[in-house]
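Residues per chain are reported as follows:
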Amino acid sequence: MANPDKFKKVIAHAKEYGFVFQSSEIYDGLSAVYDYGQNGSELKENIKKYWKDSMVMMHENIVGIDSAIFMHPTVWKASGHVGAFNDPLIDNKNSKKRYRADVLIEEHVEKINIKINKDVEKARKKFGDDFDEDQFRSTNGRIIERQKNIDEILSRFKTAFEKDDLPDIKQIIIDNGIACPVSGSKNWTDVRQFNLMFDTKLGSVSEDADLIYLRPETAQGIFVNYLNVQKTGRMKLPFGIAQIGKAFRNEIVARQFIFRMREFEQMEMQFFIRPGEEDKWFEYWRDARMKWHKALGMGDENYRFHDHENMAHYAKAATDIEFNFPFGFKELEGIHSRTDFDLSQHQKFSGKKLQYFDPETNESYVPYVIETSIGLDRMFLTVLSNSFEEEEINKENGKTEIRTVLRIPEVLAPVKAAILPLVKKDGLPEKARKILEQLKYDFNCQYEEKDSIGKRYRRHDAIGTPFCITVDHQTLEDNTVTLRYRDTMEQERIKIDELNSIIDEKVNFKKLFKELN
Ligand code: GAP
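What comes next concerns the included structure. Going along each chain's sequence as written, the residues are numbered from 1 onward. Given that the model is predicted, a residue must reach a pLDDT of at least 70 before its local features are reported, and side-chain atom pairs must reach 80 or more before they are shown or counted; all residues, however, enter totals for whole chains, interfaces and linings. Derived side-chain values reflect all non-hydrogen atoms in the structure, with water molecules and hydrogen atoms excluded from consideration.

### Describing the pairing of strand β21 (residues 467-471)
Summary of the burial criterion: residues with accessible area below 20% of their type's maximum are buried, those above 50% are exposed, and those between are partly exposed, where the area comes from a 1.4 Å probe applied to protein chains only. Secondary structure follows DSSP: runs of H or I at least 4 residues long count as helices, runs of E at least 2 residues long count as strands, and numbering of each begins at the N terminus. With 5 of 5 residues buried, β21 is to be regarded as a mostly interior element. With burial as the criterion, each face of β21 is covered, one bearing Phe467, Ile469 and Val471 and the other bearing Cys468 and Thr470. Strand pairing is defined by DSSP finding a minimum of two bridges between the two strands. Both strand β19 (residues 417-421) and β21 contribute to a ladder of 5 bridges, which runs parallel. Its bridge partner lying in β21, Ala418 is registered against Cys468. The pairing of β21 with strand β22 (residues 480-485) spans 4 bridges and is classified as antiparallel. Within β22, the residue paired with Ile469 across the bridge is Leu483.

Printed below as a string of structure tokens:
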């Protein structure tokens, strides 16, 4: 269920606690571009590590690369992005606002869906325990009519989209009375295709300079290096190449905070296989990726698959892993069966052979590819929005208080432990700094002595620090500290010598990786 209030709070919290800032904020910001702050960049690094190590360290046959953002312009002709990486856009003549035509239609369908769900909820309240939702949906006249309307719109849109029939896409908008969300007017321009790639010039004299693109996906950097890696790494099929890097898309409707950005990061892995084995490996990666997500413990019910009917220009089969964001279930990761499309295209456009000699079959062929592609920023948003909680505490003694806590999976938490001397005197700061020295080589820790201990606990709850270590007068006598757990707020007396192993047990990726193996 969408929760817009929670989403607003998450966005405000992300800024207040140094996770995400609007880019160039002092100049009023740049639309759909964001910067990551001191805590955000740590969280991002930890997500990258979880992904990259799970790919490269946990698989003997997957290696990592780091290719350039700028590539030869022909790459994007070969990949199909120059011709087909388009969104259908439409302008409203009154408000002068620009929209993606498919998004306007999707949102219209969603509104009808919301009406259906409202009717279902009303009936559920009315009939109580006796309510049979399936029966109600299949017999209630109004719901049947609305569902029929949705099916007709979607099927008409699918046909128009596949045939690139832009006039009919416009006609769907007109026929369904879809109005501009800003002006309420139905005065629309024709639908046009809009290429999402940013371009720039390479070279110092602008007339002679080459037009090049900022890559819209990292995948092509892997494809053009396929042979380099295969030969220098002596890789045998099946094998994978993984990469994390920036991608750029001139999204028409960039929105929902860091969900849809113009500059973002992708974590992509291309898995090269024998032709004919694509269905087996597609299933394998579909399951492996879902397991990777669920291992973080953010609630199995928050994930679902969405198999694609409208495929991207390169895909034979495609499925999304969707996550239950505060604005509903939306795509988090894509798994695509890309056949030999990309390598064959690069072979054709470059004139260089991109084949694999298979010693088992004595044949040369262009490998097929299964791709897993996840947006790092979207993954960041899943972690941030899922872990944000406002809970009531101290109810029992009548002093109810709201505690804001980020229950970030411990392995991903930006700061693993806070070291807090109870008071700023009596040798406690010095003792606390010694503990910092003991821990800092293994974990990202913070030392804090300002404000009351309660305030310091709250600050660390708000950034998701799983452990707070308090140094008090007893510490000086017996070398023990109190260890406070973020999620339960329980405190335990622990020997200083045991701290490293207790923290490590929770924040080390090892346990997760063993579960995945
Ligand atoms: N190489 C395949 C590819 O790029 P995609 O479905 O277009 O496929 C893959 O993108 C993932 O990249 C998405 O599932 C999403 O997580 C992320 N992504 C795509 N566009 C994005 C954007 N504008 N902002 C943030 N993340 C985006």
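From this point, the narrative continues.
### Notes on the site of the ligand
For this purpose, a residue is taken to be near a molecule or strand whenever a single non-hydrogen atom of the residue falls within 4 Å of it. Near the ligand you find 22 residues, and of these Glu217, Glu251, Met261, Glu268 and Glu331 are the closest. N or O atoms closer than or at 3.5 Å make up a polar contact, with two conditions inside protein: a donor-capable atom paired with an acceptor-capable one, and, for residues adjacent in sequence, both atoms drawn from side chains. Side-chain polar atom of Gln266 to an oxygen atom of the ligand: 3.0 Å apart, as the coordinates give it. Within the contact set of the ligand, a nitrogen atom lies 3.4 Å away from a side-chain nitrogen or oxygen of Arg338. In isolation the ligand offers 550 Å² of accessible surface; the protein chains occlude 93% of this area. Residue contributions to the shell around the ligand peak at 6 residues, all from strand β13 (residues 328-339). Residues are sorted three ways: Asp, Glu, Lys and Arg are charged, Ala, Val, Leu, Ile, Met, Phe, Trp, Tyr, Cys and Pro are nonpolar, and all the rest, Gly among them, are polar. When grouped by side-chain class, the residues that make up the shell around the ligand number 7 nonpolar, 5 polar and 10 charged. Residue burial considers only the protein chains on display, and all accessible areas are found by Shrake-Rupley using a 1.4 Å probe.

### Digging into the packing of aromatic side chains
Note on ring pairs: Phe, Tyr and Trp rings are taken, using the six-membered ring of Trp, and paired if centres are within 6.5 Å. Classes follow the plane angle, with under 30 degrees stacked, over 60 edge-to-face and the rest tilted. A full pass over the atoms with the stated rule returns 27 aromatic pairs. Aromatic pair Phe7 and Phe257: ring centres 6.5 Å apart, planes at 70°, arrangement edge-to-face. You can see Phe7 sitting in helix α1 (residues 4-16) and its partner Phe257 sitting in the loop between β9 (239-248) and β10 (263-273), a full 250 residues away along the chain. The class of Phe7 is buried, set by a relative accessible area of 10%. Among the aromatic residues, ring-to-ring pairing joins Phe7, Tyr34, Phe257, Phe259, Tyr303, Phe323, Phe325 and Phe327 into one connected group. Two limits define a charge over a ring: the Lys NZ or Arg CZ must be within 6 Å of the ring centre, and within 35 degrees of the ring normal. Directly above the ring of Trp292 sits Arg289, whose terminal nitrogen or CZ lies 4.2 Å from the centroid.

### Focus: the pattern of salt bridges
Pairs can form between side chains of opposite charge whenever their charged atoms are close. A side-chain nitrogen of Lys or Arg and a carboxyl oxygen of Asp or Glu constitute a salt bridge if their distance falls within 4 Å. In total, this model carries 44 salt bridges according to the counting rule given. Here Arg338 makes a salt bridge to Glu371, at a shortest N to O gap of 2.7 Å. One end of the pair, Arg338, is in strand β13; the other, Glu371, is in strand β16 (residues 368-375), with 33 residues separating them in the sequence. Given the relative accessible area of 0%, Glu371 is considered buried. By sharing partners, the salt bridges in this structure join Glu389, Glu391, Glu401, Arg403, Arg407, Arg458, Asp461, Arg484, Arg486 and Asp487 into a single network.

### Structural notes on the sheet that holds strand β5 (residues 98-100)
Strand order in the open sheet formed by 3 strands is β5-β4-β6, with antiparallel pairing between adjacent strands. The open sheet has two edge strands with one neighbour each: β5 and β6 (192-195). Averaged over neighbouring strand pairs, the angle between their axes works out to 45° when direction is ignored. Pairing of strand β4 (residues 86-91) with β5, which is carried by 3 bridges, proceeds in the antiparallel orientation. Within the sheet, the bridge partner assigned to Asp91 lies in β5 and is Arg98. On the sheet, helix α5 (residues 101-127) packs against β4 and β5 and is oriented at approximately 70° with respect to β5. Inter-axis angles, ranging from 0 to 180 degrees, are taken between N-to-C directions of lines fitted to C-alpha atoms, where helices are fitted over the stretch in contact. Only heavy atoms enter the contact rule, under which two residues are in contact if any of them lie within 4.5 Å.

All quantities given are derived from atomic positions and should not be read as evidence of function.
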